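Residue strings, one per chain:
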Amino acid sequence: MADPGFTHLDSEGRARMVDVGDKEVTRRRAVARARVTMQAATAEALEGGTVAKGDVLAVARVAGIQAAKRTSELIPLCHALMLSSVRVDLVVGPSWVDIEAVTETVDRTGVEMEALTAASLAALTIYDMCKAVDRGMVIGAVKLLEKQGGQRGDYVAER
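Residues numbered from 1 in each chain as written. Predicted model: local features only at pLDDT ≥ 70, side-chain atom pairs only at ≥ 80, totals over all residues. Heavy atoms only, no water.

Student: Would you mind showing me how to read the side chain of lysine 147 here?
Tutor: Inspection of the secondary structure puts lysine 147 in strand β4 (residues 138-148). Within the structure, the side chain of lysine 147 is placed 2.6 Å from the backbone oxygen of glycine 153, a separation counted as a polar contact. (Helix = DSSP H or I, 4+ residues; strand = E, 2+ residues; numbered from the N terminus. Polar contact = N/O pair within 3.5 Å; in protein donor to acceptor, adjacent residues only side chain to side chain.)

Student: Is there a simple way to explain the pattern of salt bridges in this structure?
Tutor: A side chain of one charge can pair with a side chain of the opposite charge if their charged atoms are brought near each other. One pass over the full model with this rule turns up 6 salt bridges. Close ionic contact of arginine 29 with glutamate 146 constitutes a salt bridge, the shortest N to O distance being 3.2 Å. Residue arginine 29 is located in strand β1 (residues 26-37), and its partner glutamate 146 is located in strand β4; the two are separated by 117 residues in the primary sequence. Looking at arginine 29, the relative accessible area reads 23%, which means it is partly exposed. We note a salt bridge from aspartate 98 to arginine 35, for which the minimum N-O separation is 2.6 Å. Here arginine 35 lies in strand β1 and aspartate 98 lies in strand β3 (residues 96-107), a separation of 63 residues in the sequence. Under the relative-accessibility criterion, arginine 35 is labelled partly exposed at 29%. Because the salt bridges share partners, they merge into one network encompassing Arg29, Glu104 and Glu146. (Salt bridge = Lys/Arg side-chain N within 4 Å of Asp/Glu carboxyl O. Buried < 20%, exposed > 50% of the residue type's maximum accessible area, 1.4 Å probe, protein only.)

Student: Any chance you could explain the environment of aspartate 10 here in plain terms?
Tutor: The residue aspartate 10 is located in the segment before β1 in this model. Between the C-alpha atoms of aspartate 10 and valine 51, which are 41 residues apart in sequence, the distance is 49 Å.

Student: Looking at this structure, how should I read the environment of cysteine 78?
Tutor: Topologically, cysteine 78 is positioned in the loop between α3 (71-74) and β2 (83-92). Note on cysteine 78: relative accessible area 13%, which makes it buried. Contact partners of cysteine 78, with chain neighbours within four places excluded, come to Met17, Thr71, Ser72 and Met113. (Contact = heavy atoms within 4.5 Å.)

Student: Can you walk me through helix α1 (residues 40-48) in this structure?
Tutor: Turning to α1, its buried residues are Thr42, Ala43, Ala45 and Leu46. An end-on view of α1 places all buried positions within 160 degrees of arc, on one side of the element. The exposed set on the far side of α1, more than 90 degrees from its buried face, consists of Ala41, Glu44, Glu47 and Gly48. Those residues of α1 that are buried are in contact with α2 (56-69), β2, β3 and α4 (112-130). At the C-terminal side of α1, glycine 49 shows a positive phi close to 70 degrees. (Arc of directions from axis to C-beta.)

Structural data, given as structure tokens:
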């Protein structure tokens, strides 16, 4: 028998999409982060806009937004949500890029997966566009930072 804490499993342990039809429609918000660690020269090229493939940060931002909008197509049991806002911010450090994705909706289920997907795909886009000069980049620290709304209440991760 499935653990009652795993809502995507039925009593037989089979995967299912959770029925959210009776849940209250509320304002929901999530913030997620990812970090791409790279050589200092790669970060310098990103910041200076000299990567041969173009404006990596702009493309990564758009990729993250698009990914948030398509989360239910990528993750099998996620509900399709009408997102009211998606923001993807990128900060270039001496040897890394931090990505923060903020997603918002007024709906019956949360937007955590949309924020995590946005941050992850923005990171993958940075890797893709910079891999010709730095194959040793590492995508890591993908984490939910905040969640607001819903019946379980708010969540703030330790930073």
